[in-house]
Amino acid sequence: MSRFPLLLSPLTVGGLHLPNRVVMGAMHTRLETLDRAHERLCAFYAARARGETGLLLSGGHAPVPEGAMDEAAPVFDREAQVDAHRAIVDAVTRAGGRIALQILHAGRYARVPGCVAPSAGRARINSFEPRVLTLDEVRATIRSHAHTAALAKEAGYAGVEIMGSEGYLINEFTSTITNRRDDEYGGSFDARLRFPVEIVRAVRAAVGPGFLIIYRISAVDLMPGGMTSDEVATLARLIEEAGADLINTGIGWHESLVPTIAAAVPRAAWIDAVQNVKQAVSIPVMASNRINTPEVAEAILARGAADLVSMARPLLADPDFALKLRQQRSDEINTCIACNQACLDAIFSERAASCLVNPRAGREIEFGGAKAAQALKLAVVGGGPAGMAFAVNAAERGHRVTLFEAQAQLGGQLNMARRIPGKREFDEALRYHRTRLQRLGVELHLGRRVTADEIAQGGFDEVVLATGATPRVPDIAGIDHRKVLSYVDVLARGAAVGERVAIIGAGGIGFDVALFLLGDVRDATDVAHFRRTWGVDAHLQGAGGLAAPQQPVPPRREVHLLQRKPGTPGRTLGRTTGWILKALLRQADLRLHAGVKYERIDDAGLHLRDADGKPQCLAVDHVIVCAGQVEDRALHDALRARGFTVHLIGGADRAAELDAVRAIDQAARLAERIGG
Ligand code: NAP
Ligand code: SF4
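Note that the structure is predicted; figures quoted are calculated from it, not measured.

Concerning the site of ligand 1
Near ligand 1 lie 23 residues; those nearest to it are Ala 506, Ile 509, Arg 564, Lys 565 and Leu 658. Lys 565 is positioned such that a nitrogen or oxygen atom in its backbone is 2.9 Å from an oxygen atom of ligand 1. Against a free-state accessible area of 900 Å², the protein chains account for coverage of 78% of ligand 1. For the shell around ligand 1, the element with the highest residue contribution is helix H17 (residues 508-518), accounting for three residues. Classifying every residue of the shell around ligand 1 gives nine nonpolar, seven polar and seven charged.

As structure tokens, then:
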């Protein structure tokens, strides 16, 4: 008996038979910007279809060029494009799946000249000023959605999803924040709902019965003056009446000041808003946002909050999510850790998405997955992200792998990362690797530093050094004072830290240590606490689902975070998560210093010159050094001297700007090459 009977139960909706309730949500991957883009898209979706995903949703396609997310984003408005789309549909169908096309008009979020909106006003997150749609243009935009839906049907798609959430054009019409029109599409509540309702009707008229229409509703806007839960319920009912077969839910506008999908958001934090929609309609409803494990998804279905579960990033992380459920291998799911590092951060930096825990995502054509021509006996030294990922990928290709880790447990820097508030999802990456290593029969030697001689006696063909990086010790007088600790002392060795602290180095690790010292560890699991912290209505009912933010609580410590370079610290943090970290630290009264020059550390504290060159002493109990890292390659020369081919990966290869994305990607690519 499966542990996930509801998730694995079939459903027929809009004339379409789905084998299970796992849906891959739409995601703008920017794969279109890479070479062999079409081949990549086919391979990307086919992999997820082979993984038995119940239904795939494509990335958003604009019905008109001015509605595209950016100039490289896809527009589907011409007959001549149908054949290319049919090839994607065929690839999915051959792999046993089904795919619907998402129609997305980005409205005032479109990063294109000539973008449009219901009323005047630029979005905080877009530098392009929108032009106000005329009444004729509003009607033409409705028709353009119907036209794209008809093209999608011709291309063989199983249906369409109309994107009505996240603050894009349709959502802009439903809200007084962005709709101040005085024609039939603005003014009263009813008039503001006319645009989405007429789009659904027009799409239904264009595609006829028996073709799946999904409408993605903004279940909660998370914007001041946004819709109330009653208003959302009314819209949902009208959408059902207009001819939609299924309602998907979106959470928050992109410009909202509340995090919605980052790891700092508790799992299933938005389910009350989804349930509000579910209670309003008789058609099936789909839950989305911060649902990353089958346990969470099954609980949502069991609670009756939704009928299907949409997961976008989790299906980037593991294309075989549904297949593994059916095969009762859910402990082998490579779980999305909600880091955004290789997916959304990449997209918002105008790069193509991939996945931190699965570098194959979007790069399927670069990874054949074939067994190695020559099965080798391989030694891997270091059980951090790079070493574990290499060992798993190499063993999958048929190599015999032995992994040596000096610490008593696997994980390397992941064991430190998991201690930061909001980063407990790293536990899933540890669980995945441990399980796979065990199932693949990788020989593990933990808790002892292996020597070059021992490796030489092991009869290995080649050695992979994934020994990581060690903290850089900056050249500051008094750096060996008893007040000085490294981030490893604090995060891995549990060193006691005083009430007043200075952190040297305001990179990713410095910010993380600041949050560790100031933040609230409940953040990642306690929904009520999360809502209070971010000014979200306890029941998600009021306008936009917002409430007054909580009164600031007294900070746990006095923490100073310092860097030598001028400018605001935190520029290297993730595009989509750095603002969350900074907002939490602002609430906790973190004191930032830029442009400093360190002079010495002594009993009085940390002596420095501030940005104006004035001498200052921060009277702190501890100085924590987070000044970057240097490569740990202790074994390299000794192994080379013994004639080994030695491969360096992760921090051992290059510590500067090291992150787990690069470490795991490099590991997977080496595993793909080694042994031919
Ligand atoms: P980092 O981001 O390169 O930051 C190193 C910090 O140390 C900088 O602020 C630098 O600023 C300072 N520094 C460098 N050399 C110094 C010296 N000799 N003396 C004093 N200060 C010095 O490196 P990290 O913080 O170690 O992070 C490593 C990697 O992990 C990063 O690339 C990051 O991507 C990743 N990471 C990211 C996150 C996140 O985004 N939340 C969290 C953890 C780790 P100045 O030179 O201006 O003083
Ligand atoms: Fe999830 Fe991070 Fe992968 Fe994005 S990069 S899909 S957030 S694990």
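Section: the site of ligand 2
In the vicinity of ligand 2, the residues found are Arg 313, Leu 316, Cys 336, Ile 337, Ala 338, Cys 339, Asn 340, Ala 342, Cys 343, Cys 355 and Leu 356. In terms of residue class, the shell around ligand 2 is built from nine nonpolar, one polar and one charged.

Some remarks on the nonpolar core
Counting residues in each nonpolar core, the largest one holds 176 residues, and the members touching the most others are Trp 270, Phe 390, Ile 503, Leu 517 and Ile 624. Here Leu 517 is in contact with Val 490, Val 497, Val 501, Ile 503, Arg 556, Arg 557, Val 559 and Ile 624, once residues within four sequence places are set aside.

Here's the deal with helix H14 (residues 426-439)
Relative to the 20 Å expected for 14 residues at 1.5 Å per residue, H14 spans 20 Å between its end C-alpha atoms, a close match to the ideal helical length. Listed as buried for H14 are Phe 426, Glu 428, Ala 429, Leu 430, Tyr 432, His 433, Thr 435, Arg 436 and Leu 437. Contacts made by the buried residues of H14 are with helix H10 (321-326), helix H12 (385-396), helix H13 (414-417) and strand E15 (443-446). Looking one or two residues past H14, Gly 441 carries a phi angle of roughly 75 degrees, positive in sign.

Regarding the pairing of strand E8 (residues 159-164)
Here E8 lies mainly inside the structure; six of its six residues are buried. Taking every second residue as pointing to the same face, both faces of E8 are buried, with Gly 159, Glu 161 and Met 163 on one and Val 160, Ile 162 and Gly 164 on the other. Pairing geometry for strand E5 (residues 99-103) and E8, over four bridges, is parallel. Counted as the bridge partner of Ile 103 is Ile 162 from E8. Where E8 and strand E9 (residues 212-220) come together, six bridges link them in parallel fashion. Bridged to Glu 161 within E9 is Ile 214.

Comments concerning the packing of aromatic side chains
Scanning the entire structure with this criterion turns up seven aromatic pairs. Measuring from centroid to centroid gives 3.9 Å for Phe 173 and Phe 195, while their planes differ by 20 degrees, and the two rings are stacked. Pair noted here: Phe 173 is in helix H4 (residues 169-174) and Phe 195 is in helix H5 (residues 189-207), with a separation of 22 residues, a long-range link. Phe 173 sits in the buried class, given a relative accessible area of 0%.

Quick word on the pattern of salt bridges
Counting across every chain of the model gives 42 salt bridges. A salt bridge links Arg 436 to Glu 332, with the shortest nitrogen-to-oxygen separation between them at 2.6 Å. With Arg 436 in helix H14 and Glu 332 in the loop between H10 and helix H11 (344-348), the pair connects residues that are 104 residues apart, well separated along the chain. Here Arg 436 and Glu 332 have matching classes, each one buried. One network of salt bridges, in which partners are shared, links Arg 329, Asp 331, Glu 332, Glu 396, Arg 436 and Arg 439.

Some details on the sheet that holds strand E22 (residues 597-602)
Paired through backbone hydrogen bonds, the strands of a sheet run either parallel or antiparallel to each other. The three strands lie next to each other as E22-E23-E24, forming an open sheet whose pairing is antiparallel. If you trace the sheet from one side to the other, it starts and ends with E22 and strand E24 (615-618), each paired once. If you compare each strand with its neighbour and ignore which way they point, the axes differ by 20 degrees on average. Note that strand E23 (residues 605-609) and E24 share four bridges and pair antiparallel. Note that in E24 the partner of His 607 across the bridge is Cys 617.

A short note on unusual backbone geometry
Positive phi values are uncommon outside glycine, yet Glu 166 reaches one of about 60 degrees. Within the element layout of this structure, Glu 166 appears in the loop between E8 and H4. According to the relative accessible area criterion, Glu 166 is buried, its value standing at 8%. Backbone geometry places Gln 328, a non-glycine residue, at a positive phi of 55 degrees. Position of Gln 328 relative to the elements: it lies in the loop between H10 and H11.

Notes on the sheet that holds strand E11 (residues 285-287)
Strands sit in the order E3-E4-E5-E8-E9-E10-E11-E12 around a closed barrel of eight strands; the barrel is parallel. When the angles between neighbouring strand axes are averaged without regard to direction, this sheet yields 30 degrees. Of the strand pairs in this sheet, strand E4 (residues 55-61) and E5 are connected by four bridges, and their pairing is parallel. Bridge pairing links Leu 56 to Ile 99 in E5. Lying over the sheet, helix H3 (residues 135-154) contacts E5 and E8, oriented at roughly 160 degrees with respect to E5. Its contacts with the sheet place helix H7 (residues 271-280) against E9, strand E10 (246-251) and E11, and it is angled at close to 175 degrees to E11.

A closer look at the pairing of strand E13 (residues 377-381)
Consecutive side chains of a regular strand alternate in pointing toward one face of the sheet and then the other. Burial of E13 is extensive: four of the five residues sit out of reach of the surface. You can see the chain leave E13, run along H12 and come back into strand E14 (residues 400-405), and the turn it takes is right-handed. Inspection of the sheet shows E13 paired to strand E16 (residues 462-465) by four bridges, in the parallel sense. If you follow Ala 379 over to E16, its bridge partner there is Val 463.

Overview of the side chain of Asp 221
Among the secondary structure elements, Asp 221 is positioned in the loop between E9 and helix H6 (229-242). Buried and unpaired, Asp 221 has no salt bridge, with Arg 192 as the nearest side chain of opposite charge at 7.9 Å. Side-chain polar atoms of Asp 221 contact the side chain of Ser 218, separated by 2.5 Å. Within the structure, Asp 221 has its side chain in polar contact with the side chain of Trp 253 (distance 3.0 Å). In this structure, Asp 221 is in contact with Asn 171, Gly 226, Met 227, Gly 252, Trp 253, Ser 256 and Gly 544, ignoring residues within four places of it in sequence.

What counts, and at which threshold
- Residues numbered from 1 in each chain as written.
- Chains lettered and ligands numbered in written order.
- Predicted model: local features only at pLDDT ≥ 70, side-chain atom pairs only at ≥ 80, totals over all residues.
- Heavy atoms only, no water.
- Near = heavy atom within 4 Å.
- Polar contact = N/O pair within 3.5 Å; in protein donor to acceptor, adjacent residues only side chain to side chain.
- Areas by Shrake-Rupley, 256 points an atom, 1.4 Å probe, with all protein chains shown as cover.
- Helix = DSSP H or I, 4+ residues; strand = E, 2+ residues; numbered from the N terminus.
- Nonpolar A, V, L, I, M, F, W, Y, C, P; charged D, E, K, R; others polar.
- Core = buried A, V, L, I, M, F, W, Y, C linked by side-chain atoms within 4.5 Å.
- Buried < 20%, exposed > 50% of the residue type's maximum accessible area, 1.4 Å probe, protein only.
- Contact = heavy atoms within 4.5 Å.
- Expected span 1.5 Å × (residues − 1).
- Pairing = 2+ DSSP bridges.
- Phe/Tyr/Trp six-rings, centres within 6.5 Å; stacked < 30°, edge-to-face > 60°.
- Salt bridge = Lys/Arg side-chain N within 4 Å of Asp/Glu carboxyl O.
- Axes fitted to C-alpha atoms, helices over the stretch in contact; angles between N-to-C directions.
- Right-handed = clockwise from strand over helix to strand, strands pointing away.
- Lys, Arg positive; Asp, Glu negative; His and termini not counted.

Everything listed here is a matter of geometry and, on its own, says nothing about what the molecule does.
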